[in-house]
Amino acid sequence: MSRVEQFEQIRRDYAREGLSIRELAKRHGVHRRAVRQALESAIPPPKRAPESRPAPKLGAYRPVIDEILAADRDAPRKQRHTARRIWQRLVDEHGAGVSERQVCRYVHAKRRELGDVGEVFVPLISDAGVEAEVDWGQAKVCLRGELVEVHLFEMRACFSGAEFVMAFRDETQQAFLEGHVRALEWHGGVFDLVRYDNLKSAVARVLKGRRRVESDRFVALRSHYRFESSFCLPGVQGAHEKGGVEGDIGRFRRRHLVPVPEVASIEELNELLEEACFKDLGRTVTGQAETVGQRRDRERLLLGTLPAEPHPTWEEVTPRVDSKALATVRTNRYSVPASLAGLRIRARVGAGEISFWHDGKQVASHERLHDHHQISAKLDHYLDLLTRKPGALARSLALRQERDRGDWPACFDELWTVIQERSGRQEAARQMVEVLLLCREHDAEQVELAVRGALAAGAHDGRAVKLLVDRAARPQPLSLEIDARLAGIGSPPPTDISAYDQLRDTEAGR
């Protein structure tokens, strides 16, 4: 029974039976003071706050706590003492027999006395289509069987709460720019203002206050899409200025990346993340009557129009191809066709891919390497060279990487072994190069199928593989199908042409 219900019964008994205060106190098992309070008001008076106790055991340790709190004012924010940590130090270092609750009460009161109560903020609202926030986050994923850290680019609309998340291996400037292009396309337009931390991808130098020296490539992106940028104050002071995206990064990671996803590529991961972004449109932000998707639909009508062409996000460099047909980009080396050795070519450095160009044509492309001093080699780039040096095929780096990636079919090794047993190592390598050259003119799966067919037929020769590939690629004769209605008619009856024979004989006699 609540205290209000007890007051109700006391007032009812007094009104119906006219009982005295003593009798009412005895009937309901309360003090006469409580009966008088019930007769005065139906609402019980608030309980008095308990008086603070002297806590004599804590008294000797108050100066120690004060000294710790004073030292914390100069310590890094994330490495200051909690009340629990202070209590642990009192017990471990001073042998104090005080309770943790008493220490917490004293620390709380002392911090308020020192003015350390934290910053107070003004609640804000955002108009539709006006502002967005951008930030980076981190997450772990299982990429090709290996647990790696990826970086999550997020752009969040302040009005609707709709968020676009995309994963990259590193927080490079190319990833930063590509994230913007993809995010604005997903949101369906351009916001008037986008808020940022002081990211190196956008800010070349932080000046006093909110003034920044911005990088040229970020200024070009901003000019292309015609939006304004705003940067938070450095350090802890600016952390609250884009709290929406700060909190949503963690919420998105807990909701969609738990358990840890297993993917074969970053592209597959980004497909999962985009599905999650659309799924989140069905949620409702606390305090809102509409879903995020409904508010996003209203907001898209007010966004700026996207340019006809997306902004190019790659960076262009001009490496020289060395004698091993490798071009060095960002300390890593990538293979190009061997015929380009010694030439200077153009490379477009993207967030996840590097493409190489010569004479206006793309000659090679590689997945971007993210460590240092690594090599990415493709076997196709060396085939013309291997026709003159077939003995190098077996120990080539490109072949080893093909096998490591799982792109080298087992039937190729089987054919190679059989040819080598019959014709020797050099001839086997030469014929395998010829088989690999077939992949330039025909589909790789078709060549693999021809190799399997040659092995099954006992034709252990590269020329047999070429014959099977050419036969499969040869156009098949057209098969004419007769309509069922015409097939039912049958063939026409035989025609008597003897009259024509007589006429011919008569003409010949003349």
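Since the model is a prediction, treat every value here as computed from it, not as a measurement.

Observations concerning a negative patch on the surface
(1) Moving on: Judged by side-chain charge, Glu 267, Glu 268, Glu 271, Glu 275 and Glu 353 come together as a negatively charged surface patch.
(2) Moving on: Looking at the negative patch element by element, the count peaks at 4 residues for helix α11 (residues 266-279).
(3) Moving on: Structurally, the position occupied by Glu 268 is in helix α11.
(4) Moving on: Residue Glu 268 is classed as partly exposed on the basis of its relative accessible area, which comes to 33%.

Concerning the environment of Thr 331
(1) Moving on: Looking at the secondary structure, you find Thr 331 in the loop between β10 (326-329) and β11 (332-335).
(2) Moving on: Taking the relative accessible area as the measure of exposure, Thr 331 reaches 36% and is therefore partly exposed.
(3) Moving on: Along the sequence, Thr 331 and Gln 374 sit 43 residues apart, while their C-alpha atoms lie 7.7 Å from each other.
(4) Moving on: The contacts of Thr 331, once residues within four sequence positions are left out, are Asp 371, His 372, His 373 and Gln 374.
(5) Moving on: Within polar-contact distance, the side chain of Thr 331 engages the side chain of His 372 at 3.3 Å.

Considerations on the environment of Arg 27
(1) Moving on: Structurally, the position occupied by Arg 27 is in helix α2 (residues 21-28).
(2) Moving on: By relative accessible area, which is 44% here, Arg 27 ends up partly exposed.
(3) Moving on: Excluding its chain neighbours within four sequence positions, the residues that come into contact with Arg 27 are Asp 13, Glu 17 and Leu 19.
(4) Moving on: Of the polar contacts made by the side chain of Arg 27, one reaches the side chain of Asp 13; its length is 3.4 Å.

Some thoughts on the packing of helix α15 (residues 410-423) against helix α16 (residues 425-441)
(1) Moving on: Closest axis-to-axis distance for the α15/α16 pair is 7 Å, and the angle between their directions is 145 degrees. Here the hand of the crossing between α15 and α16 comes out right-handed. Between α15 and α16, the residues in contact are Phe 412, Leu 415, Trp 416, Ile 419, Gln 420 and Ser 423 and Arg 425, Glu 427, Ala 428, Ala 429, Gln 431, Met 432, Val 435 and Leu 436, respectively.
(2) Moving on: Of the residues belonging to the contact of α15 with α16, the class tally is 9 nonpolar, 3 polar and 2 charged.

Quick word on the sheet that holds strand β15 (residues 375-376)
(1) Moving on: Read across the open sheet, the 3 strands follow the order β10-β11-β15; overall the sheet is mixed. In this open sheet, the two strands that pair with only one neighbour each are β10 and β15.
(2) Moving on: Relative to β15, β11 is paired through 2 bridges, and the arrangement is parallel. Across the sheet, Arg 333 pairs through a bridge with Ile 375, a residue of β15.

Thresholds applied
- Residues numbered from 1 in each chain as written.
- Predicted model: local features only at pLDDT ≥ 70, side-chain atom pairs only at ≥ 80, totals over all residues.
- Heavy atoms only, no water.
- Patch = residues over 30% accessible without salt bridge, like charges linked within 9 Å, V, L, I, M, F, W, Y side chains within 5 Å.
- Areas by Shrake-Rupley, 256 points an atom, 1.4 Å probe, with all protein chains shown as cover.
- Salt bridge = Lys/Arg side-chain N within 4 Å of Asp/Glu carboxyl O.
- Lys, Arg positive; Asp, Glu negative; His and termini not counted.
- Charge placed at Lys NZ, Arg CZ, Asp CG, Glu CD.
- Helix = DSSP H or I, 4+ residues; strand = E, 2+ residues; numbered from the N terminus.
- Buried < 20%, exposed > 50% of the residue type's maximum accessible area, 1.4 Å probe, protein only.
- Contact = heavy atoms within 4.5 Å.
- Polar contact = N/O pair within 3.5 Å; in protein donor to acceptor, adjacent residues only side chain to side chain.
- Axes fitted to C-alpha atoms, helices over the stretch in contact; angles between N-to-C directions.
- Left-handed = near helix turned anticlockwise from the far one by under 90°.
- Nonpolar A, V, L, I, M, F, W, Y, C, P; charged D, E, K, R; others polar.
- Pairing = 2+ DSSP bridges.

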